[in-house]
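Close look at the chain arrangement
Letter by letter, the chains look like this.
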Amino acid sequence: MSCRQQLVILGATGSIGLSTLDVVARNQEQFAVFALAAGNNSELMAQLCIAHQPRFAVMADDSAAAKLSQHLSGSGCKTVIRSGIAAMSELAAHPDVDAVMSAIVGAAGLIPTLSAVEAGKKVLLANKESLVMSGQLFIDKVKQHKATLLPIDSEHNAIFQCLPSALQGSKTNAQLHEHGVSKILLTGSGGPFLTCDIASLKDVTVAQAVAHPNWSMGQKISVDSATMMNKGLEFIEAKWLFNCQANDIEVVIHPQSIIHSMVQYQDGSVLAQMGNPDMRTPIAHALAYPQRIDAGVTPLDFSQLADFTFTKPDFARYPNLQLAIAACNAGQGATTTVNAANEIAVQAFLQGQIGFTDIYRINAQTLDTTVDVNVHTLDEILECDRLARLQATQLIAKVVR
């Protein structure tokens, strides 16, 4: 019987999924791939199945699953192919599974991630939308089912590493101040438009918006980084992960992306987690926690660090960040709404339907229509999400390009 940890990777063909598979390949004596799940990229999924030989592969729908079957025909690969969210959820909760990497982008990752939580798995959370959408419900389920929740976002993983051991983990109800913590310092690069003329942002192209100066990411998260909505969603995620309030968190612009976040203590100390901007570091940390394994990441060479700068975010440049923080203070319905609206608005921008600065306008106008911020059950959360998407879609149809 193998003692290797059996992994399910939700979002296997995305940047986090591929980085996870890279770390797993470097540590095959400790980890094995039980199942891979993805959207519609059947060609890449076929390559991953041949390389990693998972027991199961799940695509978003029957059409993508059929294409995967065609790609694997004659390859000798014995992977069982399935389709749909229900199949992803079932495999995330499978009794043979030890850990689940939740890396499906957007709200689509919530249901299978909750399935992993309800099965008491070790959940490696890269899908920040799960917490943004369902906050208290999600954390309550983690505690109820004794799941282990480990953050994958580089910032939250950095904060986790800098916190006292008593605060590491979502199973505790301890407050930051009870262990000497005065502030969480959430860093962000500022994206590709940190120094450009604010008036020029209305003319930003898709190619410019997805060209992040430091990180290699998918299109949606790259646009979110450019608007700093990504940092806003991370702000909300940090509130739930670390059992704190909005005034316990401060966003700091750090263009070099070397410090990934910091924790400030009451005695004046500040602990920072540093490293080259490579997602394999937080992935390896969470996979092996509390041990350490090879991530394939080149260590920092401090003699080559020319700049190390910090500044406060300019809300005139990044109104989406301010909007997300306001939603965090308003309540669950507001954060669910902002997340849903932003997914629709970013997709519309990527498709050329709206301009870059229209993303904020769609998000803000959708949030203004939110009637009830007090959503608690999963059904209420999903209905709030649905209504926000509908409202955002209707607003986008009125934009004149």
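Quick caveat: nothing in here was measured; it's all calculated off a predicted structure. (Residues numbered from 1 in each chain as written. Predicted model: local features only at pLDDT ≥ 70, side-chain atom pairs only at ≥ 80, totals over all residues. Heavy atoms only, no water.)

1. Description of the nonpolar core
Counting 107 residues, the largest nonpolar core has Met101, Phe138 and Phe242 as its most contacted members. Built from parts of two domains, this core gets at least three residues from each of domain 1 (5-151) and domain 2 (177-275 + 309-400). Each residue touching methionine 101, except ones within four places of it in the same chain, is listed here: Val8, Ile9, Leu10, Ile16, Thr20, Leu124, Ala126, Ile152 and Ile283. Counting 19 residues, the second-largest nonpolar core is a separate cluster that includes Ala226, Val346, Ala348 and Ile359. (Core = buried A, V, L, I, M, F, W, Y, C linked by side-chain atoms within 4.5 Å. Buried < 20%, exposed > 50% of the residue type's maximum accessible area, 1.4 Å probe, protein only. Domains from an automatic or database assignment. Contact = heavy atoms within 4.5 Å.)

2. Thoughts on the domain arrangement of the chain
It is common to give the size of an interface as the accessible area lost on bringing the parts into contact. Segmentation of the chain into domains returns domain 1 (5-151) and domain 2 (177-275 + 309-400). With 20 residues of domain 1 at the contact, the number on the domain 2 side is 23 residues. Roughly 1,700 Å² is buried in total at the junction of domain 1 and domain 2, and carbon and sulfur atoms are behind 70% of that figure. Interface area lost by domain 1 to domain 2 is led by Lys128, Val132 and Met133, which between them contribute 38%. Run the count over domain 1 and domain 2 and you get one salt bridge. In this structure, the salt-bridge partner of lysine 220 is glutamate 129, at a minimum N-O distance of 3.6 Å. Along the contact surface separating domain 1 from domain 2 lie six residue pairs in polar contact (both at pLDDT 80 or more). (Buried area = accessible area lost by both parts, 1.4 Å probe. Salt bridge = Lys/Arg side-chain N within 4 Å of Asp/Glu carboxyl O. Polar contact = N/O pair within 3.5 Å; in protein donor to acceptor, adjacent residues only side chain to side chain.)

3. Description of the packing of helix H13 (residues 332-350) against helix H15 (residues 378-397)
The interhelical angle for the contact between H13 and H15, taken along N-to-C directions, is 40°, at an axis separation of 8 Å. Taken together, the axes of H13 and H15 are oblique relative to one another. Taken as a pair, H13 and H15 cross one another with a handedness that is right-handed. Along the contact surface, H13 presents Gly333, Thr336, Thr337, Ala340, Ala341, Glu343, Ile344, Ala345 and Ala348, while H15 presents Ile381, Cys384, Asp385, Ala388, Arg389, Ala392, Thr393 and Ile396. (Axes fitted to C-alpha atoms, helices over the stretch in contact; angles between N-to-C directions. Helix = DSSP H or I, 4+ residues; strand = E, 2+ residues; numbered from the N terminus. Parallel < 35°, antiparallel > 145°, perpendicular 65-115°, else oblique. Left-handed = near helix turned anticlockwise from the far one by under 90°.)

4. Observations concerning the packing of helix H1 (residues 15-26) against helix H11 (residues 280-288)
Between H1 and H11, the least distance of the axes is 9 Å, while the angle of their chain directions is 60°. Taken together, H1 and H11 sit at an angle that is classed as oblique. Where H1 crosses over H11, the two elements pack in a sense that is right-handed. Contact residues: Ile16, Ser19, Thr20, Asp22, Val23, Val24 and Arg26 in H1; Arg280, Ile283, Ala284 and Leu287 in H11. The class makeup of the residues in the contact of H1 with H11 is six nonpolar, two polar and three charged. (Nonpolar A, V, L, I, M, F, W, Y, C, P; charged D, E, K, R; others polar.)

5. A few points about unusual backbone geometry
Going from tyrosine 289 to proline 290, the amide bond is cis rather than trans, its omega being 10°. Structurally, proline 290 is set in the loop between H11 and helix H12 (319-330). The phi dihedral of glutamine 53 is positive, around 50°, even though this residue is not glycine. By the secondary structure assignment, glutamine 53 is in the loop between helix H2 (42-52) and strand S3 (56-59). Given the relative accessible area of 43%, glutamine 53 is considered partly exposed. Here the phi dihedral of methionine 228 falls at roughly 65°; this positive angle occurs in a residue that is not glycine.

6. A look at the UniProt feature "domain: 1-deoxy-D-xylulose 5-phosphate reductoisomerase N-terminal" (unreviewed entry) in the chain
Per the UniProt annotation, the sites labelled "domain: 1-deoxy-D-xylulose 5-phosphate reductoisomerase N-terminal" (unreviewed entry) are residues 7-135. The span residues 7-135 is 45% helix and 21% strand, and its two end C-alpha atoms sit 24 Å from each other. (UniProt positions renumbered as here; feature names shortened; annotations may be inferred.)

7. Thoughts on the pattern of salt bridges
With the rule as written, the count across this model stands at 16 salt bridges. Put simply, aspartate 22 and arginine 280 hold a salt bridge, and the shortest N to O gap is 3.1 Å. With a gap of 258 residues between them, aspartate 22 in helix H1 and arginine 280 in helix H11 connect regions that are remote in the sequence. Here the residues in one salt-bridge network are Asp22, Arg26, Asp278 and Arg280, joined through shared partners.

8. Notes on the sheet that holds strand S4 (residues 80-83)
Read across the sheet, seven strands follow the order S4-S3-S2-S1-S5-S6-S7 without closing on themselves; strand pairing throughout is parallel. Of all strands in the sheet, those bounded by a partner on one side alone are S4 and strand S7 (148-151). Geometrically, the sheet is characterised by an average inter-axis angle of 25° between neighbouring strands, direction not taken into account. Bridge analysis of strand S1 (residues 5-10) against strand S2 (residues 31-37) gives six bridges, and the strand direction is parallel. Pairing of valine 8 across the sheet is with alanine 35, part of S2. Here helix H3 (residues 62-72) sits on the sheet in contact with S3 and S4, set at roughly 160° to S4. (Pairing = 2+ DSSP bridges.)

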